[in-house]
Amino acid sequence: MAILEVDGLRKEYGDFVAVEGSSFDIERGEVFGVVGPNGAGKTTTLKMLAGLIEPTAGTAVVAGHTPGEPAMQRRLGFLPEESPLYEEMTAIDYLEFFADLYDVPRDVARERIHDSLDRLDLEHRDRKIGNMSKGMQRKVAIARALVNDPNVLIFDEPASGLDPLTTNYIIEFTEELSDEGKTIVFSAHNLFHVESICDRIVIMNDGRIVARGTLEEIRDAHGGTEYHVYATEDGSEGLTVAGSPIDVSHENGQVCHVVGDMRAVDAIRETVEAAGGRVTDIQTKTPSLEDIFLEVASEPVEAET
Amino acid sequence: MSAGRLRGIVSRTARIARWEVARSAGTVDRKTALILVVMVAAIGTAGFSVADEGLGLEREIYTVGVDEDSRYYDVAVDSEQFRPISIEDVTTDGDGTAGTIAVRDEASVDVVVTRDGRIGHLGDNGAAAYDAFRESVESYNGKLMDEEADQAAAYPVLVSIEYQQRDLGGATDSGAGDGAGDGDGDGDGDGDGTDSGDGTNGGSGDGTGGNTDGSTGDESGADESGTDGTGGSGTDDGDGRTQVPNVGDGSTSTTAPDRPGSISPPFPFESLVLAFLFVVPMNFVIQAYGSTIMDERVKRRGELLLVSPASSREIVAGKTLPYLLGLVGVVVAISWVIEGGPIAVAAALPIALLFLGATFVGAMLARSFKELTFVTVTISVFLTTYTFIPAVFADVNAIALISPLTLVVMDLQGEAVRLGEYLFSTGPFYLGGAVCFLLGIGVYREEDMFAQKPIPAKIVDAIANRIRGRRSVFVLPILFIPFVFASQLLAVALLFVVPQAIAVPLIIVLAATVEEIAKSVHVYAGFARSRFEPSLRTAAMLGAFSGAGFFVGEKLTHVVQFVGLPDLPVGTAAFGPAVSDEPLILAVVFLAPLALHVVTAVISALGASRSRLGYVGGLIAAILGHAAYNLGVITLVA
């Protein structure tokens, strides 16, 4: 059952189109990744979902409400890319203020705040936020997104600019939240993190969604698994795969044939052996999300099929 | 709105307000707190001093050697400038008379009064001290005269002075002068010496009764419409013109006889200084308020409040409330200290509101703290000038009423303030402040708060965000009326001392410019931000809506009729002539401006629908047409 439905979302700034007709659904309890190069429209999309930016066209429904409605804001936890905290306040004062604003009873808020900070392993809670390290500030920002115990969390670059240790901590914490049944919309430049925690992904480029689905589905749609066949002779002569000639290169005195079909590997082997040569090695290459991302980001943008 | 929803709004607003106080308190370090305490103490001391007995800067600055038996001893004691010491302390020999006296070398004395009544001075300050002593003697003698039971004996010749409004056309009535010169001795000679003959008469001033017979005649009242002090009370002066209303009842003009040397034009210095005390803290508070609004923007800190259940309005109200309440507290405290009444507080409140409103919208438009500094200084200078300068004329001219500080001055002088006067003075401030907040809240959203756009583009955004169809095109010019009104009043205030031949054409063009901008800027914003289809038909329709809306709003400015400002030549130039009683003329006066506003607004709208340059062209054409209309009307009426 979709907890978040987006249909034809579009945002224009004058003549510039930041987001063009985005549509997707997110299931309850899902971790949904939004990736893309800088300026792809990720943050604009997330802010439209959070009710911060009004779409020029299209609709979004979050937990049954339109973004911006107070009822929807109560069910949402938003963590922006930067941590816009009030540095002159202590972490506890800051979090209690936001809990108060979300009408969380004081005793419940206190317990929830300390629980979040315990799980995030944040010490020095009575220290002024301005005197905290960047990692600690980020943890305070995450705790703030949780003060209202939201159903839906929108995390925009939650680990941006943090050291690897803190980053891992935050990624693990996000996984824990997912295990608790929270729906999480997650955006990150580090595709390894997206790959490791997201159930489904959309890749955006120039304001459009150019790929979507599970990682496997995206891999299949963008080349899938490749087989690199190394041989002493060129075995591609006279062979085609799906009507195209086989991609051949020379490496260390050997001929490397790149194909995406196991049947083509057999055909190459036969051709090579017929020419008096032999196949020396066959390697299987699975593209990472980063490979797909780089491929997609470098291509001219076309509407997804 | 349901009670529950209202409770929610109030509750969230109060939480943000409480938090703003707690957060701001965290930003104030000890040094800043100390500076604030010193500042408050300084303002308080100044207020107390002025309220109590003036600044006291000249207290006992001179020393006078005088015997206690001398008749000048009481003069020295009475004057705060002099510290009397015994003549024996400063002389070495002789009997203290002029011929025998010798002052000791080490004696620190500025003036010496000998036992035979001669007065001399010595030292660097001697000459100035001598002059001051002479003035003290005159002042002391004046007091003795005032205490004299037989006033006719004390003041055998009474000259009543009446200050008249200045006629900028050059044909200045000379009531006071004539009165003095023509004193025909009609023998009224009322006991309190306040009789001013025919009082409100602007020119003849023939009623300055002389009285040398010592009688305390009682015929001063019945047949005399005169009022003491500054001008009449709005009664007819005989030639059909309504006189400028009495701004205050002229209580600064003494009703007791005095020496000619002590007579000066009415200038409520003390009340003015005290009234100014209300504005001083506002200038400081807006710095803190502007910073807190800017703080939300420069570090995107406001983003998290925007994503909370609190609306923009609640956030702004919550952040503003502590500063507004703080200013109200300061205003009440100042009022209590200087013994002002509720009117002083009620008059200062809209000033505080406009200070905060203007600062809010300024802080929403500024792109950096540097720009914010410029904005707040501009607001400080402009609003302080706007409120203070007109108040200087509190006892002289109706124009003073454009500033609520004039009401404070009146209140401090114990004068009654009429409802019309209060509305006239404070209306533009209340409405101006409200519109500033309305425009600022329009851009209190993610897309505008954190964007680095040029200020004019943000102004256009702020206005465009308030456009919701044709109805808003009708309503917005009504909301702009306070600014139009205030701009025109300011123009009148600044130019009323300039010769009429220059002031009137200038005001005609300025008034037309301000009005045409108010009628067209939102239409331009709508076209510029694609709120409307840029067709000629749409432009014509929007122009008509806007012109009609402005016409409705303009009618509200007829509150000036309550106080008679249009009877000033420059007031007529800005606001048009006073409405006639003739039905036909009334209909023309009513409908002609409607036609004017619609036509000129359509011209601007047609230009605005094309491009920015087109808008400028259309606006200029509209201004010229409007100015020509104004000129024609004034020529016809005059």
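Please refer to the structure higher up on the page.
Each value, and the rule that gives it
Residues numbered from 1 in each chain as written. Chains lettered and ligands numbered in written order. Predicted model: local features only at pLDDT ≥ 70, side-chain atom pairs only at ≥ 80, totals over all residues. Heavy atoms only, no water. Helix = DSSP H or I, 4+ residues; strand = E, 2+ residues; numbered from the N terminus. Rg over C-alpha atoms; globule rule 2.2 N^0.38 Å. Buried < 20%, exposed > 50% of the residue type's maximum accessible area, 1.4 Å probe, protein only. Contact = heavy atoms within 4.5 Å. Areas by Shrake-Rupley, 256 points an atom, 1.4 Å probe, with all protein chains shown as cover. Pairing = 2+ DSSP bridges. Axes fitted to C-alpha atoms, helices over the stretch in contact; angles between N-to-C directions. Patch = residues over 30% accessible without salt bridge, like charges linked within 9 Å, V, L, I, M, F, W, Y side chains within 5 Å. Salt bridge = Lys/Arg side-chain N within 4 Å of Asp/Glu carboxyl O. Parallel < 35°, antiparallel > 145°, perpendicular 65-115°, else oblique. Left-handed = near helix turned anticlockwise from the far one by under 90°. Lys, Arg positive; Asp, Glu negative; His and termini not counted. Charge placed at Lys NZ, Arg CZ, Asp CG, Glu CD. Buried area = accessible area lost by both parts, 1.4 Å probe. Polar contact = N/O pair within 3.5 Å; in protein donor to acceptor, adjacent residues only side chain to side chain. Nonpolar A, V, L, I, M, F, W, Y, C, P; charged D, E, K, R; others polar.

Asks: Lay out the overall build of chain A with the relevant residues and their values.
Replies: Looking only at helices and strands, one finds 10 helices and 15 strands in chain A. Relative to the 2.2 N^0.38 estimate, which gives 19 Å for 305 residues, the radius of gyration of chain A is 24 Å and therefore markedly larger than a compact globule would have. Looking at the 305 residues of chain A, the share that counts as buried comes to 49%. If you take every contact in chain A between residues at least 6 apart in sequence, the share linking residues at least 24 apart comes to 69%. When the accessible surface of chain A is split by element, carbon and sulfur atoms take 44% of a total near 14,000 Å².

Asks: Which residues make up the sheet that holds strand β3 (residues 31-35) of chain A, and what values go with them?
Replies: The pairing of strands in a sheet happens through backbone hydrogen bonds and is either parallel or antiparallel. All names here are of chain A. Taken in spatial order, the 6 strands make up an open sheet running β5-β6-β7-β3-β8-β9, and their pairing is mixed. Lying at the two open borders of the sheet, with one neighbouring strand each, are β5 (76-79) and β9 (208-213). Ignoring strand direction, the axes of neighbouring strands in this sheet form an average angle of 15 degrees. Here β3 runs beside strand β8 (residues 200-205); their pairing, made up of 4 bridges, is parallel. Along β8, the bridge assignment pairs G33 with I201. The strands touched by helix α5 (residues 134-146) are β5 and β6 (152-156); relative to β5, the strand with the most contacts, the crossing angle is about 160 degrees.

Asks: Tell me about a nonpolar patch on the surface, and please be specific about residues and values.
Replies: Residues V157(B), V159(B) and I161(B) make up a contiguous nonpolar surface patch of roughly 240 Å² in combined accessible area. With respect to the helices and strands, I161(B) occurs in the loop between α5 (151-154) and α6 (175-182).

Asks: Outline unusual backbone geometry, supporting the account with residue identities and numerical values.
Replies: Residue and element names in this part refer to chain A. Positive phi is not limited to glycine here, since D103 has a value of about 60 degrees. Among the secondary structure elements, D103 is positioned in the loop between α3 (91-101) and α4 (106-119). D103 gets classed as partly exposed once you look at its relative accessible area, which sits at 38%. The phi dihedral of N252 is positive, around 50 degrees, even though this residue is not glycine. For N252, the location among the structural elements is in the loop between β13 (247-251) and β14 (254-259).

Asks: Please give an account of the pattern of salt bridges that cites residues and values.
Replies: If you walk through the whole model with that rule in mind, you get 34 salt bridges over all chains. Taken together, the shared-partner salt bridges in this structure form one network comprising K11(A), R445(B), E447(B), D448(B), K453(B), D461(B) and R529(B).

Asks: A description of the pairing of β13(A) should follow, citing residues and the corresponding values.
Replies: The two faces of the sheet receive side chains in turn, since in a regular strand these alternate between them. All names here are of chain A. The pairing of β13 with β14 spans 5 bridges and is antiparallel. Across the sheet, H250 pairs through a bridge with V255, a residue of β14. Hairpin geometry of β13 and β14 is characterised by an intervening segment of 2 residues between the two adjacent antiparallel strands and by a positive phi of about 50 degrees at N252.

Asks: Lay out the packing of α3(A) against α4(A) with the relevant residues and their values.
Replies: Residues and elements named next belong to chain A. Between α3 and α4, the least distance of the axes is 10 Å, while the angle of their chain directions is 130 degrees. Put simply, α3 runs oblique to α4. For the pair α3 and α4, the crossing hand works out as right-handed. Where α3 approaches α4, its residues I92, L95, E96, A99 and D100 are matched on the opposing element by R106, A109, R110, I113, H114 and L117.

Asks: An account of a negative patch on the surface is requested, with residue identities and associated values reported.
Replies: Residue and element names in this part refer to chain A. Judged by side-chain charge, E226, D247, E290, D291 and E295 come together as a negatively charged surface patch. Tracing the sequence through the fold places E295 in helix α10 (residues 289-298). Under the relative-accessibility criterion, E295 is labelled partly exposed at 31%.

Asks: An account of the interface of chain B and chain A is needed here, citing residue identities and associated values.
Replies: Counting residues at the interface gives 24 residues for chain B and 29 residues for chain A. Counting the surface lost from both chain B and chain A, the interface buries some 2,500 Å², and carbon and sulfur atoms represent 59% of this. On the chain B side of the contact with chain A, L304(B), V307(B) and P309(B) bury the most area, a combined 29% of that side's loss. Counting every contact that joins chain B to chain A gives 7 salt bridges. Here E303(B) ties to K47(A) by a salt bridge, and the two come within 2.8 Å at their closest N and O atoms. Counting across the chain B and chain A interface gives 12 residue pairs in polar contact (both at pLDDT 80 or more). Counting residues per element, the ones that place at least two in the side of chain B that touches chain A are α1 (3-27), α8 (302-306) and α14 (446-449) of chain B. Of the residues forming the side of chain B that touches chain A, the biggest block, 8 residues, is contributed by α1(B). By residue class, the composition of the side of chain B that touches chain A is 8 nonpolar, 4 polar and 12 charged.

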